[in-house]
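Reading the structure
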Amino acid sequence: MKKWYLAGSVLALMVACQPSSLGELESPLIYGKATPISLDLEVTTILVEDYVIETERIDSISTDGPFNLSLKDAELTIVGRPKKPLYNLTFWSQGVGESVMLKRTKKTMFSFLFNPTEEVSEVKIKGEFNAWNPNNTVLEKKGNSYSTYELLSPGSYQYLYVVDGIEMRDPLNPDSVSNGMGGWNSLITIEGPDPKLVPTIKTETHTSDKVTLTSNNPVEKVYAYWENILLPAEYILMDGQSVSIRIPANAKAKNRSAIRLWAYNEEGVSNDVLIPLNNGQVISSSDQLTRHDNEAMVMYFLMVDRFNNGDAENDRPLNIPEVHPKADYFGGDLIGVAEKMDYFEDLGVNTIWLSPITQNPEGAFGRYPEPETSFSAYHGYWPISNIRVDDRFGGEVDFLVMMDSIRTNGMNVLLDYVANHVHEQHPIYQQNPDWATDLYLPDGTLNTEKWDEHRLTTWFDTFMPTLDLSRMETVDPMTDSAIFWLENYQIDGFRHDATKHIPEIFWRVLTKKIKQYSSETGKPVFQIGETYGSHELIKSYISTGMLDAQFDFNMYDRAVSAFAGAGSLSDLAGSLKESIKYYGDHNLMGYITGNQDRPRFISYADGSLEFGEDTKYAGWNREISIQDTIAYQKLSALTAYMMSIPGIPCIYYGDEYGSPGGNDPDNRRQMQFDGLDAFQTATLERTKKMIEIRRNNLALIYGDTEILEASDNLLVIKRSYFDNTVISVFNTGSQSIEIDIPENGASNFYGVITDKQIKLPPYSFDMITYN
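One structure accompanies this document, and this report is about it. (Residues numbered from 1 in each chain as written. Predicted model: local features only at pLDDT ≥ 70, side-chain atom pairs only at ≥ 80, totals over all residues. Heavy atoms only, no water.)

1. What to know about the overall build of the protein
The helix and strand inventory of the protein stands at 15 helices and 44 strands. Counting only C-alpha atoms, the protein reaches 75 × 70 × 70 Å along its principal axes. Residue burial in the protein is summarised as follows: out of 771 residues, 58% are buried. For the protein, restricting intrachain contacts to residue pairs at least 6 apart in sequence, the fraction spanning at least 24 positions comes to 69%. On the protein, roughly 31100 Å² of surface is accessible, and the fraction owed to carbon and sulfur atoms is 48%. Computed over 65 positive and 107 negative side-chain charges, the inter-centroid distance for the protein is 5 Å. (Helix = DSSP H or I, 4+ residues; strand = E, 2+ residues; numbered from the N terminus. Buried < 20%, exposed > 50% of the residue type's maximum accessible area, 1.4 Å probe, protein only. Contact = heavy atoms within 4.5 Å. Areas by Shrake-Rupley, 256 points an atom, 1.4 Å probe, with all protein chains shown as cover. Lys, Arg positive; Asp, Glu negative; His and termini not counted. Charge placed at Lys NZ, Arg CZ, Asp CG, Glu CD.)

2. What about the environment of K515?
Examined against the element boundaries, K515 turns out to sit in helix 7 (residues 504-521). Judged by relative accessible area, which is 7%, K515 ranks as buried. It is 8.2 Å that separates the C-alpha atoms of K515 and V525, two residues lying 10 residues apart in sequence. Setting aside residues no more than four positions away along its own chain, K515 makes contact with Y31, D50, I53, T544 and G545.

3. Quick look at the nonpolar core
With 185 residues, the main nonpolar core has Y300, F344, F399 and Y641 as its most contacted residues. Element by element, the count of residues in this core is highest for helix 13 (residues 630-644), at nine residues. Beyond its immediate stretch of four places on either side in the chain, F344 contacts Y300, L302, F307, V337, V349, I352 and M411. Counting 22 residues, the second-largest nonpolar core is a separate cluster that includes V52, I58, Y87 and L102. (Core = buried A, V, L, I, M, F, W, Y, C linked by side-chain atoms within 4.5 Å.)

This is the structure:
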């Protein structure tokens, strides 16, 4: 057993020694890019296994910060108040260090005060800082007032008071903002560093052994990493506001590696920079990318049952009066997916996300009141097995055929994996009913659909037990069932359903097993989660020891509002800044055009749906079709925005041409391959073109991001990677707009370029390319 001792800011074994030059372990300590650690105000605790699976290989741990380190039961405690914005933490093994960035928190204390004008019994707050869950923030009564405080990072936050169950804006705060659904929320802004004074680092030039970057402001210190190895000072040359990084010779032996860089001055921390390398050379062409480069993914999400029927012999709809035809099986299957490889290739996507394909129950379950109907399990989210392919989708044989087709075409497959709950017929529940959480709360009420109040225990419905995944006897078989799909079918990753409803221990155990699989096989695995909630909640599941990313629904909601005409592009720009702040300049977050749980964007854009109405009821009880063809342009603008920002764009099947609909199941109509009208065809062609631009411009994959202009109806975003630049311009107003742009750009959509200006017609956009 190893014994640790503490010496200043170094936690070490007696045998530890530190290298004076760059070294590399034969087998890395840290698998994958290490996510930075956000330091709390005084004390920060991390689980070492989040970064180093084989903790027994660690000889020592050190930091360059003013901290005391202590380790107990694989928990590393970092004690001390950081004076600088950035520090480094290094794990040492055999004289070689692998490092993790430490970032000082920007949070400050903000006080809330509510003075009632009449007698009240309870005051709560719901807002963006507490996942809109009023039970997370209950104000304390002091005299005649109610008060509390929150630790908030710089940025803007919407919120409401909930007084005796009634929502209201803050009477002491005159600032408010539209919620995009016909109402208003109070708004607070926590001031941060002046962005004009903080360093902005841009890629400038590169040679065979060096990368040069520039900063708009003076830089005090640079932290640069090759893989997870901190580059020593001799690899970094600072000359005024120019920074040169020498590429380590080690990189020549690796098909793919990367340099990451952060810098700071007394005003704050720069953007982070990511420079991918191919055998030690900076990647300079999209032709050098492969399907394993996560940043280059363009995702396509399809519901198997609603996509394409390739084999009518496995059709088995219920065809019973209790189930409305919209809620029954349509007949789509895995052979149907395999038959559409040419369609995917022509569209340009390279990653297929399948809805759940595991065996689901026969029969009808659940109830909707108007029209009165139950549901089949066509969607796949009610598993009765986690390792068997549903025979209505073609079973294992057809899944293997589909996998072979996708591999032949050089694409990725992500499987929608359901771990949070099972159907009541699932053997794991039948044999171990105590492995589920309680259906009833202590007060006797049903614990169903309490998404925030009881998010780790709530059931989705009375026939869908939520598993208690805080218990290892439940965690182990469920994580093993996920690994089954990797070992037996070599899928490329997972979209994880209901992420926020599952305790963190599950994600840590699963990710540890995935890393072990990847380490043994050399096959990378991508994990992306589904969480509706605050940035803080979403981010809490993203780390080296848990998920790679999540879908950014906050961004999606703001984009829907902005491009449909209910919100402003200025607010959308604010959301982009927030997402970059929380998830990084080169995040892998999913940016959707729509999904199976939201009404179709185009039906908001054309006025068929109103913000604030019950869109599920509308989908059941109205025939929703396109009312205003300008909505097709608005849909293309939304898609172009998702293609223009950092992260992974994701097309929901049918959005490429403009399928309308209310909420589910109306947003899950049959995919249409033939008979598109002129507007749908034009929309499909625009989608193909913007995907082509995304995949062929490294600026949109690895580039820096700069918001050049943002107002109610105008948004200009610039992405740059060395000599490649793309400027995306959006006009959501009813009047044409003219703006200045750099010369020699090529218009690809609606803009008309003359000299150094582009003119955009109403409700349009462009992606201007520079090479």
